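# Topology and contacts: notes
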Amino acid sequence: EMADDAGEVEEKAPKTDTFDRLAEIWKENETATQRKKSSEIFGLADGPGVCRDSLVVDFSFLTLCASRDLKFSQEQTKIFYELIMQLKGIIEEPKSTVEQAMQHLKSILIDPKSNDAKERKAPDVFTPTQKRNIIDYTKQHLFSHFSLLKAAFSEDFHQDKKTVHFRLNFEDAEENYNLDR
């Protein structure tokens, strides 16, 4: 059992060591292999199909892919990844709102005086264009899917299910559209 404990400690190495290993992910040719390698490096448990563990791995890997596509340095990737994981943490909170997540993003990227010294460096490592790209990424991938991500990641999430009924009328379809094409 002591060996198992030691193995667990190694998996939970500081993130700075983890980010030194990013090249191992990108040297793989297949996306599925890159995803698997990223889950190993970041110590994320993966699961079969569409389970919560698998979604966490996908979310993490998507964030790494975005940092690569945005051509971030290793330091920028680390800060970006940590920021996205902080936002994920906010999303996971039962009563969190998209406004709270947006305010957190703003406080890190635009108004660093409201944060501790560690987070204060984020604006210094990103150019204004990179900040705009980060904002666009979070709007597209987090804020526009806030309820979906909350459902996927939050333990306590429950949503009232609504059924919407609508009726399709095809009576005039043949007159208005040529359906033989």
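Since we're looking at a predicted model, the values are computed, not measured. (Residues numbered from 1 in each chain as written. Predicted model: local features only at pLDDT ≥ 70, side-chain atom pairs only at ≥ 80, totals over all residues. Heavy atoms only, no water.)

So, about the confidence of the model for the chain. Of the residues in the chain, 69% have a pLDDT of 70 or more, and the chain-wide mean is 77. With pLDDT under 50 throughout, residues 1-16 is counted as low confidence; its partners more than four residues away or in other chains account for five contacts. (pLDDT = per-residue confidence, 0-100. Contact = heavy atoms within 4.5 Å.)

On to the pattern of salt bridges, then. In total, this model carries eight salt bridges according to the counting rule given. Glu24 is paired through a salt bridge with Lys37; the nearest N and O atoms lie 4.0 Å apart. You can see Glu24 sitting in helix 3 (residues 22-26) and its partner Lys37 sitting in helix 4 (residues 31-41), a full 13 residues away along the chain. Overall, Glu24 belongs to the partly exposed group, its relative accessible area being 24%. Between Arg35 and Asp46 there is a salt bridge; the shortest N-O distance is 2.6 Å. Placement of Arg35 in helix 4 and of Asp46 in the loop between helix 4 and helix 5 (52-69) is noted, with a sequence separation of 11 residues between them. For Asp46, a relative accessible area of 38% translates into the label partly exposed. (Salt bridge = Lys/Arg side-chain N within 4 Å of Asp/Glu carboxyl O. Helix = DSSP H or I, 4+ residues; strand = E, 2+ residues; numbered from the N terminus. Buried < 20%, exposed > 50% of the residue type's maximum accessible area, 1.4 Å probe, protein only.)

Count 3.6 residues to each turn of an α-helix, and residues three or four apart come out pointing the same way. Along its 18 residues, helix 5 runs 25 Å from first to last C-alpha, staying within 8% of the 26 Å computed at 1.5 Å per residue. Every buried residue of helix 5 is accounted for by Ser54, Val56, Val57, Phe59, Ser60, Phe61, Thr63, Leu64, Cys65, Ala66 and Ser67. On its buried side, helix 5 packs onto helix 3, helix 4, helix 6 (74-92), helix 10 (128-141) and helix 11 (146-153). Note on helix 5: the residue one or two positions beyond its end, Lys71, has a positive phi of about 60 degrees. (Expected span 1.5 Å × (residues − 1).)

This paragraph deals with helix 11. Taken together, the buried positions of helix 11 are occupied by Phe146, Leu149, Lys150, Ala152 and Phe153. Angular distribution of buried residues about the axis of helix 11 spans 165 degrees; they occupy a single face of the element. Looking at the buried positions of helix 11, the neighbouring elements they touch are helix 5, helix 6, helix 7 (98-109) and helix 10. (Arc of directions from axis to C-beta.)

What follows concerns unusual backbone geometry. Backbone geometry places Lys71, a non-glycine residue, at a positive phi of 60 degrees. Relative to the elements of secondary structure, Lys71 occurs in the loop between helix 5 and helix 6.

Applying the stated rule across the entire model yields eight aromatic pairs. Ring geometry for Phe19 and Phe42: centres 5.4 Å apart, planes at 85 degrees, overall edge-to-face. Of the two residues, Phe19 sits in helix 2 (residues 15-19) while Phe42 sits in the loop between helix 4 and helix 5, which places them 23 residues apart along the sequence. No difference in accessibility class separates Phe19 from Phe42, as the two residues are buried. Measuring from centroid to centroid gives 5.3 Å for Phe59 and Phe153, while their planes differ by 70 degrees, and the two rings are edge-to-face. Of this pair, Phe59 sits in helix 5 while Phe153 sits in helix 11; the two residues are 94 residues apart in sequence, bridging distant segments of the chain. Grouped by ring-pair contacts, the aromatic residues Phe72, Phe80, Phe126 and Tyr137 constitute a single cluster. (Phe/Tyr/Trp six-rings, centres within 6.5 Å; stacked < 30°, edge-to-face > 60°.)

What follows deals with the packing of helix 5 against helix 11. One way to put it is that helix 5 packs onto helix 11 with a least axis distance of 9 Å and a crossing angle of 130 degrees. Relative to helix 11, helix 5 is oriented oblique. Here Arg52, Leu55, Val56 and Phe59 of helix 5 lie close against helix 11, whose contacting residues are Leu149, Ala152 and Phe153. The residue inventory of the contact of helix 5 with helix 11, partitioned by class, reads six nonpolar, no polar and one charged. (Axes fitted to C-alpha atoms, helices over the stretch in contact; angles between N-to-C directions. Parallel < 35°, antiparallel > 145°, perpendicular 65-115°, else oblique. Nonpolar A, V, L, I, M, F, W, Y, C, P; charged D, E, K, R; others polar.)

On the secondary structure map, Ser60 appears in helix 5. Among residues more than four places away in sequence, those in contact with Ser60 are Leu44, Tyr81 and Met85.

Here we take up the environment of Ala45. Assignment of secondary structure puts Ala45 in the loop between helix 4 and helix 5. For Ala45, a relative accessible area of 48% puts it in the partly exposed group. For the pair formed by Ala45 and Val57, sequence separation is 12 residues and the distance between their alpha carbons is 7.6 Å. If near-sequence neighbours (up to four positions away) are discounted, Ala45 is found in contact with Asp53 and Val57.

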